[in-house]
Amino acid sequence: MKILVINGPNLNMLGKREPDIYGRETYADLVSFIQSAALEAGVEAEIFQSNHEGEIVTKIQEAWGEKDGIVINPAAYTHTSVAILDALKAVSLPAVEVHISDVTKREEFRQISYARLACVKTFMGLGFEGYRRAILYLKEQFGV
Ligand code: DQA
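These notes cover the structure that comes with them.

Rules and cut-offs
Residues numbered from 1 in each chain as written. Predicted model: local features only at pLDDT ≥ 70, side-chain atom pairs only at ≥ 80, totals over all residues. Heavy atoms only, no water. Helix = DSSP H or I, 4+ residues; strand = E, 2+ residues; numbered from the N terminus. Contact = heavy atoms within 4.5 Å. Areas by Shrake-Rupley, 256 points an atom, 1.4 Å probe, with all protein chains shown as cover. Near = heavy atom within 4 Å. Polar contact = N/O pair within 3.5 Å; in protein donor to acceptor, adjacent residues only side chain to side chain. 1 Å grid on protein atoms, 1.4 Å probe; cavity = no way out; pocket = protein on both sides within 12 Å on 5 of 7 lines; lining within 4 Å. Sits in = over half its atoms within 2 Å of the grid points. Nonpolar A, V, L, I, M, F, W, Y, C, P; charged D, E, K, R; others polar. Axes fitted to C-alpha atoms, helices over the stretch in contact; angles between N-to-C directions. Parallel < 35°, antiparallel > 145°, perpendicular 65-115°, else oblique. Buried < 20%, exposed > 50% of the residue type's maximum accessible area, 1.4 Å probe, protein only. Core = buried A, V, L, I, M, F, W, Y, C linked by side-chain atoms within 4.5 Å. Pairing = 2+ DSSP bridges. Phe/Tyr/Trp six-rings, centres within 6.5 Å; stacked < 30°, edge-to-face > 60°.

### Description of the overall build of the protein chain
And then number 1: Scanning the protein chain for helices and strands turns up 5 helices and 5 strands.
And then number 2: Mapped from its N terminus to its C terminus, the protein chain presents α and β elements in the order β-α-α-β-α-β-α-β-β-α.
And then number 3: The dimensions of the protein chain, computed from C-alpha atoms along their principal axes, are 40 × 30 × 25 Å.
And then number 4: Put simply, 74% of the contacts in the protein chain that link residues at least 6 apart link residues at least 24 apart.
And then number 5: Here the protein chain displays about 7100 Å² of accessible surface, and carbon together with sulfur accounts for 50% of that area.

Next up, the structure:
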């Protein structure tokens, strides 16, 4: 099974960025965590991060016919991007939404998730563990 793991804007700043919310581990630590989780699940994971909405849209489009599922933390674009929602709908791949923090306990503007409308499952508030759970979920539900 081949999956694409997408991380949106500012997640490259993990470790430096609001550590009380996102923790002290870095983006490089997150990449190693995801690689280990993928290995453990027996899936092939491509890991991508971008601070640009259009690049994320293009990356999702490129998954069509190439990947079997998507794990996505759209970060701030979660709450604003109809373009990412439409891209997820366009490729019609099973997608799982992940957030490091529990967005339900945060500001009002974080209560909407456009991406969620095209996702089969959401894991939030579990830190890096959410990515492992998302990968395992895709494997269990859609893996061959
Ligand atoms: C986030 C939550 C978003 O609201 C925020 O904009 C992020 C990270 C999370 O992983 O908790 O950048 O997606």
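There is more to say, and it comes next.
### Quick word on the site of the ligand
And then number 1: Close to the ligand lie Arg17, Tyr22, Asn73, Ala75, Ala76, His79, His99, Ile100, Ser101, Val103 and Arg110, which account for all nearby residues.
And then number 2: Here alanine 76 contributes a backbone N or O atom positioned 3.2 Å from an oxygen atom of the ligand.
And then number 3: With the chains in place, 99% of the 320 Å² that the ligand exposes on its own is no longer accessible.
And then number 4: With respect to the detected pockets, the ligand is housed in the largest pocket.
And then number 5: Split by residue class, the shell around the ligand holds 5 nonpolar, 4 polar and 2 charged.

### Notes on the packing of helix H3 (residues 53-62) against helix H4 (residues 82-91)
And then number 1: H4 packs onto H3 with a crossing angle of 5° between their chain directions and a minimal axis gap of 9 Å. Here H4 runs roughly parallel to H3, going by the angle between their axes. Contact residues: H3 offers Glu53, Ile56, Val57, Ile60 and Gln61, while H4 offers Ala83, Ile84, Ala87, Leu88 and Val91.
And then number 2: Tallied by class, residues from the contact of H3 with H4 come to 8 nonpolar, 1 polar and 1 charged.

### What about the side chain of lysine 59?
And then number 1: Within the secondary structure, lysine 59 is located in helix H3.
And then number 2: Taking relative accessible area as the criterion, lysine 59 reaches 16% and is therefore assigned buried.
And then number 3: Beyond its immediate sequence surroundings of up to four residues, lysine 59 is in contact with Leu4, Glu46 and Phe48.

### Comments concerning the nonpolar core
And then number 1: By size, the foremost hydrophobic cluster in this structure holds 26 residues, and its most contacted members are Ile3, Leu14, Val71, Tyr131 and Ile135.
And then number 2: The set of elements that each furnish at least two residues to this core consists of strand S1 (2-7), helix H2 (27-41), strand S4 (95-99) and helix H5 (129-142).
And then number 3: Val57, Ala63, Leu93 and Ala95 belong to the second largest nonpolar core, which has 20 residues in total.

### Overview of the sheet that holds S1
And then number 1: One open sheet accounts for 5 strands, arranged S2-S1-S3-S4-S5; its pairing is parallel. At either margin of the open sheet sits one strand with a lone partner, and together these are strand S2 (44-49) and strand S5 (121-124). Taken over all neighbouring pairs, the strand axes of this sheet differ in orientation by 20° on average, direction set aside.
And then number 2: Where S1 lies against strand S3 (residues 69-73), 5 bridges are found, and the strand directions are parallel. Bridge pairing in S3 links valine 5 to valine 71.
And then number 3: Packed onto the sheet, H2 meets S1 and S2 and runs at close to 160° relative to S2.
And then number 4: This element, H3, spans S1, S2 and S3 of the sheet and lies at about 160° to S2.

### A few points about the packing of aromatic side chains
Each aromatic ring pair is summarised here by two numbers: the centre-to-centre distance and the angle between the ring planes.
And then number 1: If you walk through the whole model with that rule in mind, you get 2 aromatic pairs.
And then number 2: With a centroid separation of 6.4 Å and 70° between ring planes, the pair formed by phenylalanine 123 and tyrosine 137 is classed as edge-to-face. Residue phenylalanine 123 is found in strand S5, and its partner tyrosine 137 is found in helix H5; the two are separated by 14 residues along the sequence.
And then number 3: Since its relative accessible area comes to 10%, phenylalanine 123 is described here as buried.

By themselves, these observations are geometric and do not establish any function.
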